[in-house]
Amino acid sequence: MLRDTDGPAVWLAANGLDGRFTADAATLRHLLDARDAIEAAVDGTQPERLDRVLEHGRIRPTLTAEGPGERAEFADEAWGPAWLAARNYPELLATAPDRIRGCAHEACALHFFDTSRNGARRWCSMATCGNRAKASRHHARSKEA
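Residues numbered from 1 in each chain as written. Predicted model: local features only at pLDDT ≥ 70, side-chain atom pairs only at ≥ 80, totals over all residues. Heavy atoms only, no water.

Enquirer: Please explain the packing of aromatic side chains as it appears in this structure.
Expert: Each pair of aromatic rings is reported with the distance of its centres and the angle of its planes. With the rule as written, the count across this model stands at 2 aromatic pairs. Between Phe21 and Phe74 the ring centres are 5.8 Å apart and the planes differ by 65°, which places this aromatic pair in the edge-to-face class. Here Phe74 lies in strand 2 (residues 67-74) and Phe21 lies in the loop between helix 1 (6-14) and helix 2 (25-43), a separation of 53 residues in the sequence. Centre to centre, the rings of Phe74 and Trp83 are 5.5 Å apart; their planes meet at 70°, and the pair counts as edge-to-face. Classification of Phe74 by relative accessible area gives buried; the value is 9%. Judged by relative accessible area, Trp83 falls into the buried class, the value being 4%. The rings of Phe21, Phe74 and Trp83 are connected pair by pair, giving a single aromatic cluster. (Phe/Tyr/Trp six-rings, centres within 6.5 Å; stacked < 30°, edge-to-face > 60°. Helix = DSSP H or I, 4+ residues; strand = E, 2+ residues; numbered from the N terminus. Buried < 20%, exposed > 50% of the residue type's maximum accessible area, 1.4 Å probe, protein only.)

Enquirer: Hey, could you run me through helix 1 in this one?
Expert: Residues separated by three or four positions in an α-helix point in the same direction, a consequence of the helix having 3.6 residues per turn. Buried within helix 1 we find Gly7, Pro8 and Leu12. Taken down its axis, helix 1 places every buried residue within 130° of arc, on the same side. Across from the buried face of helix 1, at angles greater than 90 degrees, the exposed residues are Asp6 and Ala14. The inward-facing, buried residues of helix 1 contact helix 2 and helix 4 (80-95). Looking one or two residues past helix 1, Gly16 carries a phi angle of roughly 70°, positive in sign. (Arc of directions from axis to C-beta. Contact = heavy atoms within 4.5 Å.)

Enquirer: Which parts of the structure should I look at to understand the nonpolar core?
Expert: Among the nonpolar cores identified, the biggest contains 11 residues, and these are Leu31, Ala34, Ala37, Ala41, Leu50, Val53, Trp79, Ala82, Ala86, Tyr89 and Ile100. Secondary structure elements with two or more residues in this core: helix 2, helix 3 (48-54) and helix 4. Counting residues per element, this core draws most heavily on helix 2, which supplies 4 residues. If we skip the residues at most four places from it in the chain, Tyr89 touches Ala41, Val42, Leu50 and Ile100. Counting residues in each nonpolar core, the second largest holds 7 residues, with Cys103, Cys108, Trp123 and Cys129 among its members. (Core = buried A, V, L, I, M, F, W, Y, C linked by side-chain atoms within 4.5 Å.)

Enquirer: Any chance you could explain a positive patch on the surface here in plain terms?
Expert: On the surface, Arg122, Lys134, Arg137 and Arg141 cluster together to form a positively charged patch. With respect to the element layout, Arg137 can be found in helix 5 (residues 126-144). Owing to a relative accessible area of 38%, Arg137 belongs among the partly exposed residues under this scheme. (Patch = residues over 30% accessible without salt bridge, like charges linked within 9 Å, V, L, I, M, F, W, Y side chains within 5 Å. Areas by Shrake-Rupley, 256 points an atom, 1.4 Å probe, with all protein chains shown as cover. Salt bridge = Lys/Arg side-chain N within 4 Å of Asp/Glu carboxyl O. Lys, Arg positive; Asp, Glu negative; His and termini not counted. Charge placed at Lys NZ, Arg CZ, Asp CG, Glu CD.)

Enquirer: Is there a simple way to explain the environment of Gly57 in this structure?
Expert: Topologically, Gly57 is positioned in strand 1 (residues 57-64). In this structure, Gly57 is in contact with Glu73, Phe74 and Trp83, ignoring residues within four places of it in sequence.

Enquirer: Would you mind going over the pattern of salt bridges with me for this structure?
Expert: For the coordinates displayed, the defined rule picks out 7 salt bridges. A salt bridge links Arg58 to Glu73; its shortest N-O distance comes to 2.5 Å. Of the two residues, Arg58 is situated in strand 1 and Glu73 in strand 2; the sequence distance between them amounts to 15 residues. Close ionic contact of Glu91 with Arg87 constitutes a salt bridge, the shortest N to O distance being 3.0 Å. With Glu91 and Arg87 both in helix 4 and 4 residues apart, the pair spans about one turn of that helix. By relative accessible area, which is 26% here, Arg87 ends up partly exposed.

Enquirer: I keep staring at the pairing of strand 2 and nothing clicks. Help me out?
Expert: The side chains of a regular strand alternate, first on one face of the sheet and then on the other. Taken together, the 8 bridges between strand 1 and strand 2 define a ladder with antiparallel strand orientation. Bridge pairing in strand 2 links Thr64 to Gly67. (Pairing = 2+ DSSP bridges.)

So, in structure tokens, the structure goes:
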């Protein structure tokens, strides 16, 4: 989804962020930086890269008529989507670090957060990688027969 600005536009809309942020070249560039920083943190190779992304925003406590809350603030709004994505990784680490996994499909480089009840999810997406694995096993069984 990060080949051009169309992908971030879809992601922003899917997450209700399209009214606040613009999917432009700067946002795309920062999202690519955040993706690489998250990957380096997950792999354990350069966790400090994530800190450099997180330096571009902060959470400001708020008090509204509905009660206490939080608002993310950015010196440069183009960093907003990248910062929000990067902020989720430390939250996932604090919640359940053992549920952050790499996809079991040999051709996939993606990681995911396992939200399954029993914690046994193997693929980033059942519709893509899981289906490919099942189709491959079926083909191998058919070939043997």
